[in-house]
Amino acid sequence: MEAVSETRTGNGTGTDDGFELPVAARAGVGTRPFGVYVHVPFCATRCGYCDFNTYTAGELGSSASPQSWLEGLRRELDIAADMIGAPAADTVFVGGGTPSLLGPRGLADVLGAVRSSFGLAPGAEVTTESNPESTGPEFFSRIRAAGYTRVSLGMQSAASHVLAVLDRTHTPGRPVAAAREARAAGFDHVNLDLIYGTPGERDEDLDRSLDAVLDAGVDHVSAYALIVEDGTALARRVRRGELPAPDDDVLAARYERIDARLAAAGLTWYEVSNWARAGDPSARCAHNLGYWDGGDWWGAGPGAHSHVGGVRWWNVKHPARYAETLAQGRLPVGGSEQLTVEDVHTELVMLTVRLRTGLPWAALAPSERDAARTVVADGLADLHGDHLVLTGRGRLLADAVVRSILV
C-alpha cells in the first residue's frame, strides 16, 4: 500500500486528485469493522418524497449509463484498496437508487468488483436493496448464488392510496410476495421497509401494512417517519396546501403502534427505527451497526460518503462526472473533513444513544452525566449497567435527549 500511494502522490497519504488520507487515519484499518457501501444511482421513476442522489434514464440522457458507472466503480474500488491496504470487507451494502434495476448479472458484477479489490471476510454480510417490482424468483436465486446473504425490500405501505401519495410504483401485495420468493431462494435475512405518517394514512392502513409484514415472515423491519425534504415533489405539494404536513402527535402514536405490534410478534428494536428477530443477532443489519458504532467504511459510487479513521469524505454527485474523473485515474472526491475530538464525541452520543445497547456512561463528561441523570429522572432513559438506554418514551424524543446531554 505505502509504495503504491507514494507513487501516486509523493507523500503516501492520498491520490493525485488532492485528496489525502493521513497515515494516522490508515493506521488502524483492519482492526475496526470495515464495510463497503456501493451507491447505485439509477431509478426507473422518481418517488415524490425522495431526495437521494438518484437519476432516471430520462434525466441522464446519454451522459452516463450503468456500464460507465460500473467501469468507474471498479476503478474506485481498486484505488481504494491500494490506498487503505485492502482490508477484507466484513459487510457490503449495495444501495441506491434501485440496485435491482441492474439485474442479477449486474449485481453479481458489483460484488465481483468488491471481491477483486478488497475480498470478503469469512461470514461477511452482503446486502442489496431491491424494488419488489424488479425482482422475481430467478432474480433472488441468482443473486443468492452470486454471494448475497441479505435482501432489503422497499414496501412503504400496503395501502394503495398511501403509495400513490408517495409516488411508489409497486402494487401493494408485491413486497410480501417478493419477501417470500427471497426466503424460498435461500435468504435467511430479509428486511421490509415501512414509511409511516404519510398524509392520508389511517390507523387501519398502518395495521394492514403491519399485517402484511408479519405475514411475510421476515426477520427484520425498518420503519421511518415520513420527512418532507426540501426540493422534493412532496414538499412542493405540502407548500401549495395540497397535502397536510405530517403531524408529530400522529407520528408518535404510529411509532408506538408499530413497536407494540412487532414486539408482540417477536421482533425487538435494536436501533430506534429498526427491529430484528429476538434472540438472533445475525438478523440485525451488521453494515448499519458499523455506521452507528463508528466503524470504517468506503462508500463507492456517485455521492457516496466514506469514513476511515476519523476522516470523512464524499464523492461528486453526478454519474457522468463520477465516471469521467475515474477514467482519468483520479478519485472523484467532492469534499472531505477531518473530524475533531469534539466531532467524534458528538457523533458517539448521537448514534449510540439510538441503540438498544445504549450510550456508554464512561464516554460522558461530568456535566453530561448530570444531564443524563436528568434524562433518567424524566423517564426518557434508564441506566442498564454502565450504559444509558432509551425508554419507549425516550425513543420518541431521541433527538431531544441528545440535545440535553450535549450541554
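Higher on the page you've got the structure.
Presented here is a report on the structure given in the accompanying data block. (Residues numbered from 1 in each chain as written. Predicted model: local features only at pLDDT ≥ 70, side-chain atom pairs only at ≥ 80, totals over all residues. Heavy atoms only, no water.)

1. Regarding the nonpolar core
Core analysis: the biggest nonpolar cluster contains 92 residues, and L21, W69, L73, V110, F140, Y148 and W298 have the highest contact counts within it. The leading source of residues in this core is helix α4 (residues 66-84), at 9 residues. Aside from chain neighbours lying at most four places away, what touches L73 is V38, V110, A300, G301 and Y322. V165, L166, I195 and L234 belong to the second largest nonpolar core, which has 12 residues in total. (Core = buried A, V, L, I, M, F, W, Y, C linked by side-chain atoms within 4.5 Å. Buried < 20%, exposed > 50% of the residue type's maximum accessible area, 1.4 Å probe, protein only. Helix = DSSP H or I, 4+ residues; strand = E, 2+ residues; numbered from the N terminus. Contact = heavy atoms within 4.5 Å.)

2. Points about the pattern of salt bridges
Under the definition given, this model contains 21 salt bridges. Where R354 meets E271, a salt bridge forms, and the shortest distance between an N and an O atom there is 2.7 Å. With R354 in the loop between α14 (341-352) and β13 (359-360) and E271 in strand β7 (residues 267-271), this residue pair connects regions lying 83 residues apart in the sequence. The class of R354 is partly exposed, set by a relative accessible area of 22%. Salt-bridge contacts for R312 lead to E347; the nearest nitrogen and oxygen are separated by 2.6 Å. In this pair, R312 is assigned in strand β11 (residues 311-315) and E347 in helix α14, connecting sequence segments 35 residues apart. The class for E347 is partly exposed, based on a relative accessible area of 27%. Connected through shared salt-bridge partners, E201, D203, D207, D211, R254, R257 and R261 make up one network. (Salt bridge = Lys/Arg side-chain N within 4 Å of Asp/Glu carboxyl O.)

3. What about the packing of helix α9 (residues 203-216) against helix α11 (residues 248-264)?
Relative to each other, α9 and α11 sit at 30°, their axes nearing to 11 Å. Here α9 lies roughly parallel to α11, going by the angle between them. Viewed along their axes, α9 and α11 form a crossing whose handedness is right-handed. Of α11, the residues touching α9 (which contributes D203, L206, D207, L210, D211 and L214) are R254, R257, I258, R261 and L262. (Axes fitted to C-alpha atoms, helices over the stretch in contact; angles between N-to-C directions. Parallel < 35°, antiparallel > 145°, perpendicular 65-115°, else oblique. Left-handed = near helix turned anticlockwise from the far one by under 90°.)

4. Some remarks on the packing of aromatic side chains
Evaluation of the coordinates by the stated rule reveals 10 aromatic pairs. With centroids separated by 4.9 Å and ring planes inclined at 70°, the aromatic side chains of W298 and W313 adopt a geometry described as edge-to-face. Within this pair, whereas W298 is found in strand β9 (residues 296-300), its partner W313 is found in strand β11, the two being separated by 15 residues in sequence. In this structure W313 comes out as buried when scored by relative accessible area, which is 1%. Taken together, the ring pairs in this structure connect F19, W298 and W313 into an aromatic cluster. (Phe/Tyr/Trp six-rings, centres within 6.5 Å; stacked < 30°, edge-to-face > 60°.)

5. Re the sheet that holds strand β15 (residues 387-390)
Hydrogen bonds between backbone groups are what pair the strands of a sheet, and the pairing can be parallel or antiparallel. Ordered in space as β13-β15-β14, the 3 strands form an open sheet in which the pairing is antiparallel. Looking at which strands have only one partner, the edges of the open sheet turn out to be β13 and β14 (381-384). Where β13 and β15 come together, 2 bridges link them in antiparallel fashion. Counterpart to L359 in the pairing with β15 is L388. (Pairing = 2+ DSSP bridges.)

6. Examining the side chain of T98
As for its placement among the helices and strands, T98 is situated in the loop between β2 (89-96) and α5 (103-117). Residue T98 is classed as buried on the basis of its relative accessible area, which comes to 10%. Not counting residues within four places of it along the chain, the set of residues in contact with T98 comprises V40, F42, C43, N131 and S134.

7. Describing the layout of surface pockets
In this approach, a probe sized like a water molecule rolls over the atoms, and the result shows the empty space that is left. Looking at the second largest pocket, its volume works out to about 150 Å³. As for the second largest pocket, its lining consists of F42, C43, Y55, T56, A57, L60, G61, A64, S65, P66, L101 and L102. The class makeup of the residues in the lining of the second largest pocket is 9 nonpolar, 3 polar and no charged. (1 Å grid on protein atoms, 1.4 Å probe; cavity = no way out; pocket = protein on both sides within 12 Å on 5 of 7 lines; lining within 4 Å. Points joined across faces, edges and corners; volume = space filled by probe spheres on them. Nonpolar A, V, L, I, M, F, W, Y, C, P; charged D, E, K, R; others polar.)

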